[in-house]
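Residue-level listing of the chains:
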Amino acid sequence: YGRCGSMTHACSMFKELPKRDVITWNSMITVYVKKGLSRDALKLYGEMLHDGIKPDEATYVNLLDACSSPTLLSEGKKLHDDLKVWGFDSHILVGTSLMNMYSRCGSWQQARDVFDNLTRRDVVSWNVMIDCCAQHQQSTDALQLFTDMQSDGVFPNKVTFLNVLQACSDDTRVSDGNHIHDLIVINSLESDVVIATALVTMYGKCGCLGDAWKLFSMIPDKNLVSWNTMVAGYIHEGCMEMALGLFEQMQLEGAMPN
RNA sequence: GUGGCUACAUU
C-alpha cells in the first residue's frame, strides 16, 4: 500500500495488526520516509522503542534517510548515538547511510570521519563519499577518492562517474573532466542517456559549449532533462539566442518544458 | 515480509 501511494491503507493495516515485529515497524517507517514525512517517521521510531521492539540495522538505514537537511542534523546525530549502543556503526549499509545523512545535513567533515572509520568499503560507500565532496566544493578530495577507490580494488560504476563528473563541473577542472570522459568511453558508458547528459552538464559548466553540443546532438533518446541541460549550458555562457532557439526546437521535437 | 549512492534550475 505504501509503494502504491496509499498512506491511509498502509496506516490502517499497520494499526490493525494484532502483533508488530521489527519488520512491520521498519516497513511502516519506510512508508513515511519515502513520502518525505521525516518527523512522522522519527515519531514512529519513538513509539517502536516505547513498545519494547529492538531496532535493527534496517531501521537505522531507513531513519537516517529521513534526516536529509540541516534542520534535521540534531535528529541524525541522536540516531547515530542510538545505533552505536547496538554496535550497528560497523555495519556497511548503516555506515554509508550515516555518511549520506551528514553530507545532506551539511556536515561533510563528519561524513568523512565516518568514512575513514569504516572497516569495509564497497562501491556505494566510495560513491557517497565522492558525492559528499562534490556537493561541498571539495573537488580535489573527490578526485583523489576516485583514484583511491581503484587502488583499493573497487571498480567505479555508473553512479561513480556521475558523482565524479559533478566534481569536474567548473572551468578550473576541464582537464579532469576530459580524463573522466575518456574513462567513460573506455567503459562503454557514453551511450547511456543519464551519463551523456551528465557529460553535457559538465562541459556546459566548464564553458566548453562545443563539446557539450557534440555530446548532446549524439543522444538518440533525448528527454526533457537532456534538453534542459543543453539550454542551461547556453544560458551559463550567456548565449541567449541559442538558448531560446533550443527552447523552440525542444517543443517542436515533442519535449514539454517544465 | 523491511534497508544504502543515481543526470537538468537556484546555491
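In this text the structure is predicted, and so the values were computed from the model without any measurement. (Residues numbered from 1 in each chain as written. Chains lettered and ligands numbered in written order. Predicted model: local features only at pLDDT ≥ 70, side-chain atom pairs only at ≥ 80, totals over all residues. Heavy atoms only, no water.)

Turning to the overall build of chain A, a few remarks are in order. Of the regular secondary structure elements, chain A holds 15 helices and 0 strands. Taking the principal axes of its C-alpha atoms as reference, chain A extends roughly 60 × 45 × 30 Å. Put simply, chain A has 258 residues, and 45% of those count as buried. Look at the contacts in chain A between residues 6 or more apart in sequence, and 56% of them connect residues 24 or more apart. Just so you have it, chain A exposes about 13,600 Å², and 54% of that area is on carbon and sulfur atoms. Within chain A, one finds 21 positive and 31 negative side-chain charges whose respective centroids are separated by 8 Å. (Helix = DSSP H or I, 4+ residues; strand = E, 2+ residues; numbered from the N terminus. Buried < 20%, exposed > 50% of the residue type's maximum accessible area, 1.4 Å probe, protein only. Contact = heavy atoms within 4.5 Å. Areas by Shrake-Rupley, 256 points an atom, 1.4 Å probe, with all protein chains shown as cover. Lys, Arg positive; Asp, Glu negative; His and termini not counted. Charge placed at Lys NZ, Arg CZ, Asp CG, Glu CD.)

Before going further, it helps to examine the confidence of the model for chain A. This prediction gives chain A a mean pLDDT of 97; 100% of its residues lie at or above 70. Across the whole predicted complex the pTM is 0.96, and at the interface the ipTM reaches 0.92. (pLDDT = per-residue confidence, 0-100.)

What follows is about the packing of aromatic side chains. The full count for this structure, using the stated rule, is 7 aromatic pairs. For the ring pair Phe14 and Trp25, a centre distance of 5.1 Å and an interplane angle of 80° mean the geometry is edge-to-face. Here Phe14, found in helix α1 (residues 7-16), pairs with Trp25, found in helix α2 (residues 22-34); they are 11 residues apart in sequence, far enough to count as distant. Accessibility expressed as a relative area gives 2% for Trp25, which makes it buried. Pairing Phe216 with Trp227 gives two aromatic rings, centres 5.2 Å apart and planes at 75°, and the pair type is edge-to-face. Separated by 11 residues along the polypeptide, Phe216 in helix α13 (residues 209-217) and Trp227 in helix α14 (residues 224-236) bring together distant segments of the chain. (Phe/Tyr/Trp six-rings, centres within 6.5 Å; stacked < 30°, edge-to-face > 60°.)

In this section: the environment of Ala58. Inspection of the secondary structure assignment puts Ala58 in helix α4 (residues 57-66). On the accessibility criterion, Ala58 (36% relative accessible area) is partly exposed. Sequence separation between Ala58 and Met48 is 10 residues, and the spatial gap between their C-alpha atoms is 14 Å.

Attention now goes to the pattern of salt bridges. Overall, the coordinates contain 6 salt bridges when judged by the stated rule. Residue Arg104 is joined to Asp65 by a salt bridge in which the shortest nitrogen-to-oxygen separation is 3.2 Å. Pair noted here: Arg104 is in helix α6 (residues 92-104) and Asp65 is in helix α4, with a separation of 39 residues, a long-range link. Judged by relative accessible area, which is 33%, Asp65 ranks as partly exposed. Between Lys78 and Glu75 there is a salt bridge, and its shortest N-O distance comes to 3.6 Å. Of this pair, Lys78 and Glu75 both sit in helix α5 (residues 73-85), 3 residues apart, which is roughly one turn of the helix. Judged by relative accessible area, Lys78 falls into the partly exposed class, the value being 47%. (Salt bridge = Lys/Arg side-chain N within 4 Å of Asp/Glu carboxyl O.)

The local shell around RNA strand B holds 36 residues, among which Val61, His91, Thr96, Asn127 and Asn228 are the closest. With respect to RNA strand B, the side chain of Asn127 contributes an N or O atom lying 2.6 Å from a base oxygen. The side chain of Thr229 places a nitrogen or oxygen atom 3.0 Å from a sugar or linking oxygen of RNA strand B. Where the surface near RNA strand B is concerned, the elements lending two or more residues are α2, α4, α6, α8 (123-135), α10 (158-167), α12 (193-205) and α14. A total of 6 residues in the surface near RNA strand B trace back to one element, the largest contributor, which is α2. Residue composition of the surface near RNA strand B, grouped by class: 12 nonpolar, 18 polar and 6 charged. (Near = heavy atom within 4 Å. Polar contact = N/O pair within 3.5 Å; in protein donor to acceptor, adjacent residues only side chain to side chain. Nonpolar A, V, L, I, M, F, W, Y, C, P; charged D, E, K, R; others polar.)

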